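Chain and residue survey
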Amino acid sequence: MIPPTLVIGFAGTAIAVTASTLYLCCTRARGRGAQLNNGAVQNCAPPVVPQTLVPANNPVVLPQAPPQQLVQPVAVVQPPPTITAIQNTQGTTGGGTRVIITGVNFTANVTVLFDNVAATVVNATAVQLDVDTPVHAAGAVDVRVTNSDGQSATTVRAFTYMNPEVQAITPREGPLLAGNRVRITGNYFGPNVSVLIAGRQALNVQRINEQTVDADVPARQAPTPIGQGLNVDVVNGHDHARGRFNAGYTYEPLQLTSVNPSTDTSAGGLPLTLKGKGFDAGTTVTIGGFPVGNLVVVSPTQIDCTAPALPAHGGVLCDVVAVSGGGGAQTATLADGFTYTAPVTLVAVAPARGDRNGNTQVRLLGMGFSTQSMVAFFGGQQVNTVFVDETERLVQTPNVVHPNGNAHALDVMVRDQQNNTSQLANGYTYEAAEPAMHVVLYPAGHDFDSILANGGNDPNLAGQLRQMHNTGALDARDGGAAVQVPNQTYHNHIAGGAGGLLFCRHTHPPHTIYQVLDVTLHRPDNNYTRNLLAHNTPNGMWHPNRGADLKTIEKHDTAMAQNFANVIAVQTAINNTFTLFAVEPNTGALANCDQVTIRGRNIPDNIAVTFGGVAAVCNSVDDTTVTATPPNHAAGAVDVRITETLHGRNIFVELPNAFTHQNFALAALTPAIGAHDGGNNVVITGTGFNATATVFFDATAATDVTVHSSTVISARAPAHAAGVVNVTVTVNGAAQVLPYRYVQ
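Starting from 1, residues in each chain are numbered consecutively following that chain's sequence as written. In view of the model being predicted, local features appear only for residues whose pLDDT reaches at least 70, and side-chain atom pairs are presented and counted only at 80 or more, with totals across whole chains, interfaces and linings using the full set of residues. In computing side-chain values, all of the structure's heavy atoms are included and hydrogens and water are not.

A look at the overall build of the chain
Secondary structure assignment for the chain yields five helices and 63 strands. In the chain, which comprises 744 residues, the share counted as buried stands at 44%. Within the chain, contacts between residues separated by at least 24 positions form 57% of all contacts whose residues are at least 6 apart in sequence. All accessible-area figures derive from a Shrake-Rupley calculation using a 1.4 Å probe, and residue coverage is judged against the displayed protein chains alone. When the accessible area of the chain is evaluated, it comes to approximately 34,400 Å², of which 52% is carbon and sulfur surface. Per the convention used, a helix needs a DSSP run of H or I reaching at least four residues, while a strand needs a run of E reaching at least two, with both numbered from the N terminus. Only protein chains enter the calculation, and the probe is 1.4 Å; a residue is then buried if its accessible area is under 20% of its type maximum, exposed if over 50%, and partly exposed in between. By definition, residues are in contact when any of their heavy atoms lie within 4.5 Å.

Next up, the structure:
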């Protein structure tokens, strides 16, 4: 091994030789057999005379050698650098691209130039250089590595400066307001870049690296189009070179795709989730034109809110409308996207009266009637119903237990599957039973007091009997008073009242009651004046004509006595008596009333009908019914009378206060709210309706107008713009209005 410094002698001279000098010497002497072997010089010069160690303060004297040629020392030269490879051969013109250069013979203080512009050397070893590129114009440049001794290596056109390239943007669409954060990916983004969307500066630009930039999209401003792809530019700050992604970003049209859940009661308040696109911080939402509550824009694709309450109860199919808040308002509509359900509400039964035995088909009118099964209760008796629409169901009235033979009203209730109920007090009336008449005969010769003592008559009849006995007055319905006619033996009185009919015959004097016929009825509101018991008397009358001779009077009395004495004959006569039971319907308008049906028994053919003393139009007659059109009349209850002309005398049967003429008035609309596209059924309640009624919503006529009775009309609403309108009902030229709201 060669020590770092060796003292050798040449021609008697001591010389200090370093390893490098020795190496050079040996290199030059190789031709003569010298060589370097593992750091030891071999065969470099003639053998050196062995040295004799002497003290340090004495000079070394070497033995003399034969004279030889002197070898001059030469400076040592490092090998030049060599570039074998370059990684990352492209980069931004803004510099900063990390490039790795591999090779050999790189020194510590190396210099790297990119087209004569110095790069930043981050790390250097003899075999690898890590450098950041300098700023430079676009294009290919030479890369030169220069060691500290000036030796260099160059790779021609080894690195290419590139302008920015945009390859993708995520997301590619968003709302009109500012703040939608996007990520732009590509290559060659400079250290100081800006982002343009349709030429407008993006906000909060952050360069992640040469391939990634994040930015907030600016708010859309007119006339920037909506729903159309816009150019996205990434621009270098130092040279304004740019990369473009054509049609890379879209201010998306506001879209509303779903509402979940999509049904609530008209009271509102249900939490909802809206899905769509383009929602921004300023987006507003309405359902049916009413703002939702508690609106939160969760993301550009989701809004949470609560359903608004409707101003009136009703089943309404509503549009859901979203309006964006910025960059130019957009509107998105989910047509018929939300349904309000009305509370179950029963407002009318049509007809409201019917047969005592049930099995009458009636309409239940109201709102909130779903397609699901629903039951009805008539006085607690359950029956099934049939769906017609959201405001109508059909039902057959059940056969119920009646407290007595009189007409009586029952509460009607409906119940759906969710146990929602609605009750209409006294909603339906069962007609009275047909009168059951019986006969009580008292023996001749009893006076008034004895008849009363026997208790044969109820107090009402007894009172009438007493009145007739004391005054001789006829019942008011007979239109006059009995006259005490001298020289006539008998007076026959007919009394009708709360208890029924009383036929009484007595004499003056001695005021002895000879015969009493008590016809007691289960119904108190019937009056019978036709004499079917005196068919064999002169002229068929209870009374003999005034001025009749005694023979005629005697014949009359005999016949009457015979009639009254035969109980079976009397009962048969009663059973065949012309009887009236009811008028259906029992209410109507002041004028142009709808046709009514008068029910009875043994109705003769040749009759006249009056309502409150005014002649009605008789349309048809059979043994049990008369159809007639009531005349115009002032408001109030009137008697209904049917008169038969028999033997030249008018005999009438009358139902007191059996029909009521009503003033025209509107009460309510159910529901009073509906969709703008119309089609929903509205139940109109009030009084005084007739078949001439017309219904208009604002200036547009309703369809499917049905006058169910003088108190109920149903009509289908036409389409109309959202807002409050007047519903006008006109009857007999008189008009009344109620408000109705259309919702979007």
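So, next bit.
Here we look at the packing of aromatic side chains
Each pair of aromatic rings taken from Phe, Tyr and Trp, with Trp reduced to its six-membered ring, is defined by centres within 6.5 Å and is described as stacked if the planes are under 30 degrees apart, edge-to-face if over 60, and tilted in the remaining cases. Applying the stated rule across the entire model yields eleven aromatic pairs. Relative to F689, the ring of F664 lies with its centre 6.1 Å away and its plane at 65°, an arrangement referred to as edge-to-face. One end of the pair, F664, is in the loop between β54 (649-661) and β55 (665-670); the other, F689, is in the loop between β57 (681-687) and β58 (694-697), and 25 residues separate them in sequence. When its relative accessible area of 15% is taken as the criterion, F664 is described as buried. By relative accessible area, which is 1% here, F689 ends up buried. Their ring planes at 75° and their centres at 5.1 Å tell us that Y740 and Y742 sit as a pair that is edge-to-face. Taken individually, Y740 and Y742 each receive the classification buried, so the pair is uniform in this respect. Members of the aromatic cluster, connected to one another through ring pairs, are F114, F159 and Y161.

Quick word on the sheet that holds strand β5 (residues 82-87)
By this definition, two strands are paired if DSSP reports at least two bridges between them. Taken together, four strands build an open sheet; the order of strands is β5-β7-β11-β10 and the sheet is antiparallel. In this open sheet, the two edge strands, each paired with only one partner strand, are β5 and β10 (120-124). When strand polarity is set aside, the average angle formed by the axes of neighbouring strands in this sheet is 25°. Bridge analysis of β10 against strand β11 (residues 128-132) gives four bridges, and the strand direction is antiparallel. Bridged to T120 within β11 is D132. Orientation is described by lines fitted to C-alpha atoms, with helices fitted over the stretch in contact, and by angles between N-to-C directions that extend from 0 to 180 degrees.

Details of the sheet that holds strand β56 (residues 673-675)
What the five strands build is an open sheet, ordered β56-β63-β62-β58-β59; its pairing is mixed. What marks the edges here is a single partner per strand, and that holds for β56 and β59 (700-701). One ladder, built from nine bridges, connects strand β62 (residues 723-731) with strand β63 (residues 734-743); its direction is antiparallel. By the bridge assignment, T728 is partnered in β63 with V737.

Digging into the confidence of the model for the chain
As a per-residue quantity, pLDDT reports the predictor's confidence and falls between 0 and 100. Residues of the chain with pLDDT of at least 70 account for 69%, and the chain-wide mean is 79. Note on residues 467-502: pLDDT under 50 across the span, and 110 contacts to partners over four residues away in sequence or across chains. Here residues 538-544 is a poorly scored stretch, pLDDT under 50, and it has 28 contacts once near neighbours within four places are set aside; other chains count.

Some points on the pattern of salt bridges
A pair is scored as a salt bridge if a Lys or Arg side-chain nitrogen falls within 4 Å of a carboxyl oxygen belonging to Asp or Glu. Going through the model one piece at a time under the given rule, you end up with eleven salt bridges. Between R98 and D132 there is a salt bridge whose closest N-O contact spans 2.5 Å. With a gap of 34 residues between them, R98 in strand β7 (residues 98-104) and D132 in strand β11 connect regions that are remote in the sequence. Look at R98 and you get partly exposed, because its relative accessible area is 38%. With relative accessibility at 18%, the residue D132 sits in the buried group. Residues D233 and R244 are paired through a salt bridge, measuring 2.7 Å at the closest nitrogen-oxygen approach. A residue pair is termed long-range when its members are at least 10 positions apart, and D233 in strand β21 (residues 229-236) and R244 in strand β22 (residues 242-251) qualify at eleven residues.

What about the side chain of Q662?
By secondary structure assignment, the location of Q662 is in the loop between β54 and β55. Whenever a nitrogen or oxygen atom comes within 3.5 Å of another N or O atom, the pair is scored as a polar contact, on the condition that within protein one atom can donate a hydrogen and the other can accept it, and that pairs from neighbouring residues in sequence are kept only if both atoms are in side chains. Reaching out from Q662, the side chain makes a polar contact with the backbone nitrogen of G688 at a distance of 2.9 Å. Among residues more than four places away in sequence, those in contact with Q662 are T587, G588, A589, L590, T687, G688, S710 and T711.

Thoughts on the nonpolar core
With 25 residues, the main nonpolar core has L274 and V320 as its most contacted residues. Counting residues per element, the ones that place at least two in this core are β23 (255-260), β25 (271-277), β26 (284-287), β29 (302-306), β30 (316-323), β31 (331-341) and β56. Excluding anything up to four places from it in sequence, L274 contacts L256, S258, V259, F279, V285, T301, Q302, I303, C305 and V320. One finds L580, I603, A628 and F659 within the second-largest nonpolar core, a separate group that totals 21 residues. Note on terminology: a nonpolar core comprises buried Ala, Val, Leu, Ile, Met, Phe, Trp, Tyr and Cys residues joined through side-chain atoms within 4.5 Å.

Examining the side chain of N680
Its place among the elements puts N680 in the loop between β56 and β57. Polar contacts involving the side chain of N680 include one to the side chain of Y740, which spans 2.7 Å. If sequence neighbours within four positions are ignored, N680 has contacts with E390, P671, I673, G674, A675, A715, R716, A717 and Y740.

Details of the environment of G276
By the secondary structure assignment, G276 is in strand β25. Looking at G276, the relative accessible area reads 9%, which means it is buried. Sequence separation between G276 and L256 is 20 residues; the distance between their C-alpha atoms is 4.3 Å.

Quick word on the environment of A85
Secondary-structure assignment places A85 in strand β5. Expressed as a C-alpha distance, the spacing of A85 and T102, which sit 17 residues apart in the sequence, is 5.3 Å. Ignoring sequence-local partners within four residues, the contact set of A85 consists of I100, I101 and T102.

Brief notes about the pairing of strand β37 (residues 386-389)
Pairing between β37 and strand β38 (residues 392-396): three bridges, direction antiparallel. Along β38, the bridge assignment pairs F387 with R393. Hairpin connection from β37 to β38: two residues lie between these consecutive antiparallel strands.

Some remarks on the environment of Q330
Along the chain, the position of Q330 falls in the loop between β30 and β31. Setting aside chain neighbours within four positions, we find Q330 in contact with L176, I226, E252, P253, L254, A322, V323 and S324. Here E252 takes part through its backbone oxygen, which lies 3.3 Å from a polar atom of the side chain of Q330. Within the structure, Q330 has its side chain in polar contact with the backbone nitrogen of L254 (distance 3.0 Å).

Regarding the pairing of β26
Here β26 shows a buried face lined by V285 and I287 and an unburied face lined by T284 and T286. In terms of strand pairing, β26 meets strand β27 (residues 290-291) through two bridges, oriented antiparallel. The residue of β27 that forms the bridge with T286 is P291. Turn length for the β26-β27 hairpin, with the two strands adjacent in sequence and antiparallel, is two residues, and the turn residue G288 shows positive phi of about 65°.

Some remarks on unusual backbone geometry
In the segment running from T170 into P171, the intervening peptide bond is cis, with an omega of -10°. Along the chain, P171 turns up in the loop between β14 (165-170) and β15 (173-174). Residue P585 follows E584 across a cis peptide bond; omega there is -10°. If you trace the backbone, P585 turns up in the loop between β46 (579-584) and β47 (587-588). Positive phi is not limited to glycine here, since A198 has a value of about 55°. Here A198 is to be found in the loop between β17 (193-197) and β18 (200-201). Residue class for A198 comes out partly exposed when judged on its relative accessible area of 35%. Phi angles above zero are rare outside glycine, and H240 is one such case at about 60°. Mapped onto the elements, H240 comes out in the loop between β21 and β22.

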